[in-house]
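If you want the building blocks of each chain, they are given just below.
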Amino acid sequence: MRLPTLSTLAAGLLILLGPAVFADPPAAKPLSGTKVEGPAAPEGLQVPSPPFSEGIFPCTSCHDGKSMKPNLKRRELTDMHTDIALHHGPASRWCLDCHDANNRDSLHLASGEKVPFTASYQLCGQCHGDKLRDWRVGVHGKRTGSWNGPKQYLLCVNCHNPHTPRFQALKPMPAPTPPEQIQTRKGGAR
Amino acid sequence: MTDHKPECPIGGCEPPATIGGTRREFLGAATAAMATALTGCGTLSKEEFLQHNFRELSKQEVLDVIARLEKEYQAKYGREVKVANTPAIPGVIFGYALDLSRCIGCRRCVHACVKENNQSRDPEIQWIRVLQMDKEEGVNVQHADAYYNPEEVPQEGHFYMPVQCQQCKKPPCTKVCPVGATWRDKDGIVVVDYNWCIGCRYCMAACPYGARHFNWGEPHLPADEVNPKTHYLGNRPRPKGVVEKCTFCIQRTRNGQYPACVEICPTGSRKFGNLLDKDSEIRYILENKRVFKFKEDLNTQPNFFYFYGV
Ligand code: SF4
Ligand code: SF4
């Protein structure tokens, strides 16, 4: 295997959500009643862990800033992170617009201010302000927990792959049995 | 049937004083025999036959009824089933909102509901029906398909509208019930006392949303699929011959939890909360989004709202 080259630095933190994550809806987990888990994001919001691909975080385990110097040049990645397809404004955007070149375990806003992965919604909200507003009041996105108590907020990235944000299509669960197919069971008074 | 009841004076009639027995004993024996005769298989106990409408029971009687039911469920399913009778929380009226611009028709909600609420699995009774509609037609039940089954949803040119009990403020279903086995509770949830329901299905005819379902046969609920956390007026296992419906997961919501369909929905289309709490998400939706009520012209006044989140 090739050693990571400079170019891989650039994409080091593009680690969110392999396509496999979408095979099952993100809804499956928080079904456990009122129990609310996960690290607290800033503002005291309860959010689940961001859906990192397995074994890839912290990004600084490769991108430590010493063995590989950050390459700030916008380019196509050919050595690492090649599975990431950027279908999120690809013409005008690339990795380091969101991922911080100096601290790969962090994201940054347009202002340069760093934000942790648990607060990535702040980053999304720079462009999607109306959605962020709706998310905060619980209209957009999903909340679990209790309707009159603590709630867990799914992050934007729990439902939308930030690199391919369109909500993935799902296989529908079984349809109801059409009346004509309902069988009379023996001995039953159907 | 030609048998006539003896005419009773107002206030009830006394049975003739029988030799060697009190009135109570007489009634006990007579009703036990009658219960056996009526059910044909003798599964209806004397206590059950004599049980009154849930709303008329004293606290102690409710506890007795629940203890009896728990024992019956234990015998039937070989496991402990808890039956709660949690009352409505004062100052709470539940409201539900569903975002039509986000629902993708995946039916996760339908099946989470079946599991949570102990519906019959075969034939499967589903309290939520997801209607696939043509975008061109808008909300038009004549162009609705509940049996769609493509590889993937959402399908091009369609939108999805899940329908379940709308918990009407003016529910036609409760008005027509000849025995008062169904009513609207204080938190706005329309409930059914399955032990008082006589299975006449008038309520099903009266409900314009198709929200009520009848157990034609003995509900087939495998013991290992029983949800043991139940409520008397909600998801406790039902007998054959009664009507059942969505109760906003009364067993969960009266304890502060969200309904199962809200918890499962992968698109976050389903919103739930207290209509009397001006800081709740449900109130925010009603005040800030484009909201409509299904079949509003019928004046059933649902506490279930559809909205467009975008
Ligand atoms: S689970 Fe949510 S998205 Fe899926 S059909 Fe139900 S309401 Fe629609
Ligand atoms: S939707 Fe139907 S079952 Fe539910 S309250 Fe209204 S009339 Fe009754």
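I will try to describe carefully the structure that is included in this document. Everything quoted here is computed from the prediction, not taken from an experiment.

Looking at the overall build of chain B
Part 1 of the reasoning: Each helix and strand in chain B was counted, giving nine helices and twelve strands.
Part 2 of the reasoning: Within chain B, the fraction of its 310 residues that count as buried is 51%.
Part 3 of the reasoning: Contacts spanning at least 24 positions in sequence make up 64% of the contacts within chain B whose residues lie at least 6 apart.
Part 4 of the reasoning: Carbon and sulfur atoms provide 54% of the accessible area of chain B, an area that totals close to 15100 Å².

Digging into the pairing of strand E12 (residues 304–308) of chain B
Residue and element names in this part refer to chain B.
Part 1 of the reasoning: Where burial is concerned, most of E12 is hidden: four out of the five residues are buried.
Part 2 of the reasoning: Here three bridges tie strand E11 (residues 290–292) to E12, and the two strands are oriented antiparallel to one another. Of the residues in E12, the one forming a bridge with Val 291 is Phe 307.

Quick notes on the interface of chain B and chain A
Part 1 of the reasoning: The partner chain A presents 39 residues to the 50 residues of chain B that form the contact.
Part 2 of the reasoning: Each partner contributes to the roughly 3800 Å² buried at the junction of chain B and chain A, and carbon and sulfur atoms together form 58% of this total.
Part 3 of the reasoning: At the boundary of chain B and chain A, one finds two salt bridges.
Part 4 of the reasoning: Residue Glu 281 of chain B pairs with Arg 143 of chain A through a salt bridge whose shortest N-O separation is 2.7 Å.
Part 5 of the reasoning: For the interface between chain B and chain A, the tally reads 16 residue pairs in polar contact (both at pLDDT 80 or more).
Part 6 of the reasoning: When residues of the side of chain B that touches chain A are traced back to their parent elements, those giving at least two are helix H4 (108–116), helix H7 (250–253), helix H8 (260–264), strand E10 (270–274) and helix H9 (281–288) of chain B.
Part 7 of the reasoning: Considering every element that reaches the side of chain B that touches chain A, the biggest residue donor is E10 of chain B, with four residues.
Part 8 of the reasoning: In terms of residue class, the side of chain B that touches chain A is built from 23 nonpolar, 14 polar and 13 charged.

What to know about unusual backbone geometry
Residues and elements named next belong to chain B.
Part 1 of the reasoning: A cis amide bond links Asp 122 to the next residue, Pro 123, at an omega of -5°.
Part 2 of the reasoning: Within the secondary structure, Pro 123 sits in the loop between H4 and strand E3 (129–134).
Part 3 of the reasoning: Omega for the bond connecting Val 153 with Pro 154 falls within 30 degrees of zero, at 0°, which places this linkage in the cis form.
Part 4 of the reasoning: Turning to its location among the elements, Pro 154 is positioned in the loop between E3 and strand E4 (158–163).
Part 5 of the reasoning: Backbone geometry places Arg 107, a non-glycine residue, at a positive phi of 65°.
Part 6 of the reasoning: When you line up the elements, Arg 107 lands in the loop between strand E2 (94–99) and H4.
Part 7 of the reasoning: Here the phi dihedral of Asn 299 falls at roughly 60°; this positive angle occurs in a residue that is not glycine.

So, the site of ligand 2
Part 1 of the reasoning: In the neighbourhood of ligand 2, 13 residues make up the surrounding shell, with Cys 165, Gln 166, Cys 168, Cys 173 and Cys 207 of chain B lying closest.
Part 2 of the reasoning: Partitioning the shell around ligand 2 into residue classes produces nine nonpolar, two polar and two charged.

Focus on the sheet that holds E11 of chain B
Residues and elements named next belong to chain B.
Part 1 of the reasoning: An order of E10-E2-E12-E11 is seen for the four strands of this open sheet, with the pairing classed as mixed. On the outer flanks of this sheet lie E10 and E11, each paired with one strand and no other. Sheet twist, expressed as the average angle between the axes of neighbouring strands with direction ignored, equals 30°.
Part 2 of the reasoning: Docked against the sheet, H9 engages E2, E10, E11 and E12, running at close to 110° with respect to E10.

Focus on the site of ligand 1
Part 1 of the reasoning: Around ligand 1, a shell composed of Cys 103, Ile 104, Gly 105, Cys 106, Arg 107, Arg 108, Cys 109, Pro 162, Cys 265, Pro 266, Thr 267 and Arg 270 of chain B is seen.
Part 2 of the reasoning: Its residues placed into classes, the shell around ligand 1 shows seven nonpolar, two polar and three charged.

Considering helix H3 (residues 59–77) of chain B
Part 1 of the reasoning: Compared with the 27 Å implied by 1.5 Å per residue over 19 residues, the 27 Å span of H3 of chain B between its first and last C-alpha is a close match.
Part 2 of the reasoning: At its buried positions, H3 of chain B is contacted by helix H2 (46–50) and strand E1 (82–84) of chain B.

Description of the packing of aromatic side chains
Part 1 of the reasoning: In total, this model carries 20 aromatic pairs over all chains according to the counting rule given.
Part 2 of the reasoning: On the basis of an interplanar angle of 10° and a centroid distance of 4.3 Å, the ring pair of Phe 52 of chain A and Phe 57 of chain A is categorised as stacked.
Part 3 of the reasoning: With relative accessibility at 36%, the residue Phe 57 of chain A sits in the partly exposed group.
Part 4 of the reasoning: An angle of 40° between the planes, with centres 5.4 Å apart, marks the rings of Tyr 96 of chain B and Phe 248 of chain B as tilted. Taken as a pair, Tyr 96 of chain B in strand E2 and Phe 248 of chain B in the loop between strand E9 (243–244) and H7 lie far apart in primary sequence, 152 residues in all.
Part 5 of the reasoning: For Phe 248 of chain B, a relative accessible area of 2% corresponds to the buried category.
Part 6 of the reasoning: Within the aromatic cluster, the residues linked to one another by ring pairs are Trp 147 of chain A together with Phe 94, Tyr 96, Tyr 209, Phe 248, Phe 272, Phe 292, Phe 294, Phe 304, Tyr 306 and Tyr 308 of chain B.

Cut-off values and rules
- Residues numbered from 1 in each chain as written.
- Chains lettered and ligands numbered in written order.
- Predicted model: local features only at pLDDT ≥ 70, side-chain atom pairs only at ≥ 80, totals over all residues.
- Heavy atoms only, no water.
- Helix = DSSP H or I, 4+ residues; strand = E, 2+ residues; numbered from the N terminus.
- Buried < 20%, exposed > 50% of the residue type's maximum accessible area, 1.4 Å probe, protein only.
- Contact = heavy atoms within 4.5 Å.
- Areas by Shrake-Rupley, 256 points an atom, 1.4 Å probe, with all protein chains shown as cover.
- Pairing = 2+ DSSP bridges.
- Buried area = accessible area lost by both parts, 1.4 Å probe.
- Salt bridge = Lys/Arg side-chain N within 4 Å of Asp/Glu carboxyl O.
- Polar contact = N/O pair within 3.5 Å; in protein donor to acceptor, adjacent residues only side chain to side chain.
- Nonpolar A, V, L, I, M, F, W, Y, C, P; charged D, E, K, R; others polar.
- Near = heavy atom within 4 Å.
- Axes fitted to C-alpha atoms, helices over the stretch in contact; angles between N-to-C directions.
- Expected span 1.5 Å × (residues − 1).
- Phe/Tyr/Trp six-rings, centres within 6.5 Å; stacked < 30°, edge-to-face > 60°.

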